[in-house]
Amino acid sequence: MTAAAPTVSGGTQSSRDGAVLFRAQGLHKSFGGVRAVRDISLAIPMGSVFAIIGPNGAGKSTLLNLMSGVYQPDAGKMRLDEIDMIGVPAHRRVRYGLARTFQKIRLFKQLSVLDNVVAGFHTHHNIFAWQYVLHGAAFQRDHARCRDEAMGLLAFVGLEKRAQVLAGSLSYGEQRMLEIARALATGPRLLMVDEPAAGLNAAEVDTLLDRIGVLRQRGITVVVVEHNMDLVMKVADRILVMDYGQYLFEGSPVEVQANPAVIAAYLGADFQ
Ligand SMILES: Nc1ncnc2c1ncn2[C@@H]1O[C@H](COP(=O)(O)OP(=O)(O)O)[C@@H](O)[C@H]1O
Ligand SMILES: [Mg+2]
């Protein structure tokens, strides 16, 4: 499959082999009496696809919310590269190169598909606010550049022909791909996607797999929280398995498939 190059800033040049891009140690998060995340530690190698799997309610989305700054942990440490992420709010993590999509789609449904992606560039506008106010030449140049780059990202996720329609009129699968394009517009080094295959048909899942592979080739590290086992096994370099908020196992897809505790807790007969 061919597609335009995404205009994203990968970490390939600056990557050191085997370097860890994101590290967490001893993360805890409770909601009232519910211990959603209990003592989770992980190290995500730069340039890898790292999957987080586990049954419903295992704490996957909560972990992603901690990693992206939507929630702050009750305890634990987190670093993106060498930068301490504790206390850093979500919008500042985006500037450090961390982008995500949500399990429940969050798009501007009344805006066009293109404008949803243009909105993702807001962290990278390199002109000052007063220039927007004046609507001067710098604004025009910047806006034109954003639109061009946004079109490139839409081509990357296969939505270039849908650029002018309202985001709310897209199919569910298309909305998920649009969320990825919008997240890419922030120029992430680390892209985190929460159940990106939920509601996608088989052809859309294939496209998603292909696109994740391309992003990885371009040096973007990807964290995939997923329910679709097939997808995880095909795309992940490493897999963290959670159960009841806790660490159950971590390994390669082959190791995960062979692990009795994982099979018992989650994969069961479905997987055999
Ligand atoms: N904002 C919240 N308030 C209260 N409970 C929550 C909240 N978010 C998650 N939980 C609870 O934490 C547990 C883990 O949920 P979640 O992280 O969404 O799991 P998963 O994504 O693996 O399905 C569940 O019991 C869920 O009900
Ligand atoms: Mg979830």
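Here the structure is a predicted model, which is why all the values come from computation and not from measurement.

Basis of the calculations
- Residues numbered from 1 in each chain as written.
- Chains lettered and ligands numbered in written order.
- Predicted model: local features only at pLDDT ≥ 70, side-chain atom pairs only at ≥ 80, totals over all residues.
- Heavy atoms only, no water.
- Buried < 20%, exposed > 50% of the residue type's maximum accessible area, 1.4 Å probe, protein only.
- Helix = DSSP H or I, 4+ residues; strand = E, 2+ residues; numbered from the N terminus.
- Pairing = 2+ DSSP bridges.
- Donors = N, O, S within 2.8 Å, 3.2 Å for Na, K, Ca; no water.
- Core = buried A, V, L, I, M, F, W, Y, C linked by side-chain atoms within 4.5 Å.
- Contact = heavy atoms within 4.5 Å.
- Phe/Tyr/Trp six-rings, centres within 6.5 Å; stacked < 30°, edge-to-face > 60°.
- Lys NZ or Arg CZ within 6 Å of the ring centre and 35° of its normal.
- Axes fitted to C-alpha atoms, helices over the stretch in contact; angles between N-to-C directions.

Colleague: Honestly, the pairing of strand β8 (residues 221-225) in this entry has me stumped. Any pointers?
Modeller: The side chains of a regular strand alternate, first on one face of the sheet and then on the other. Counting buried residues along β8, 5 of its 5 residues qualify, which places the element largely inside the surrounding structure. Alternating residues of β8 divide into T221, V223 and V225 and V222 and V224, and every residue in both groups is buried. Direction of pairing for strand β3 (residues 49-53) relative to β8: parallel, over a ladder of 4 bridges. Looking at the pairing, F50 lines up with V223 of β8.

Colleague: Sorry, what's going on with the coordination of the magnesium ion (ligand 2) here?
Modeller: Ideal values for angles at a metal depend on the geometry: 109.5 degrees with four tetrahedral donors, 90 or 180 degrees with six octahedral donors. On the protein side, the magnesium ion (ligand 2) has S61 (OG) and Q103 (OE1) as donor atoms, found 2.1 to 2.2 Å from it. Highlighted residues: S61 in helix α1 (residues 60-68) and Q103 in the loop between β6 (98-100) and α3 (113-120), separated in sequence by 42 residues. A residue is classified by how much of its surface remains accessible, and Q103, at 35% relative accessible area, is partly exposed.

Colleague: For this particular structure, what's the right way to read α1?
Modeller: Since there are 3.6 residues in each turn of an α-helix, residues three or four apart along the chain are aligned in direction. A large share of α1 lies buried, amounting to 8 of its 9 residues. Just beyond α1, the residue with positive phi is G69, at close to 90°.

Colleague: What is the right way to look at the nonpolar core in this model?
Modeller: Ranked by size, the top nonpolar core spans 41 residues in total, and within it V117, L154, L178 and L191 carry the most contacts. Of all the secondary structure elements, the ones that give two or more residues to this core are α3, α5 (137-156), α6 (172-184), β7 (190-194), α7 (202-217), β8 and α8 (229-235). Apart from residues no more than four positions distant in its own chain, L191 is found in contact with A99, I180, A183, L184, L215, I220, T221, V222 and V223. Listed in part, the 27 residues of the second largest apolar core include V37, M46, A58 and V223.

Colleague: Any chance you could explain the packing of aromatic side chains here in plain terms?
Modeller: Between two aromatic rings, the relevant description is the distance of the centres plus the angle of the planes. Applying the stated criterion across every chain yields a total of 1 aromatic pair. Both rings, one in F31 and one in Y71, keep their centres 5.3 Å apart while their planes meet at 70°; by these two values the pair is edge-to-face. In this pair, F31 sits in strand β1 (residues 20-31) while Y71 sits in the loop between α1 and β4 (75-80), placing the two residues 40 residues apart along the sequence. Using a relative accessible area of 34% as the deciding quantity, one classes F31 as partly exposed. Over the ring of F102 we find R100, and its NZ or CZ is 4.0 Å from the ring centre. Looking at R182, its charged tip hangs above the ring of F108, at a distance of 5.4 Å from the centre.

Colleague: Mind showing me how you'd approach the sheet that holds β4 here?
Modeller: Taken together, 4 strands build an open sheet; the order of strands is β2-β1-β4-β5 and the sheet is antiparallel. Looking along the sheet, the strands with just one partner apiece sit at the ends: β2 (34-45) and β5 (83-84). Where β1 and β4 come together, 5 bridges link them in antiparallel fashion. Looking at β4, one finds that A24 is bridged to M78. Along the sheet face, α1 touches β1, β2 and β4 and points at about 60° away from the line of β2.

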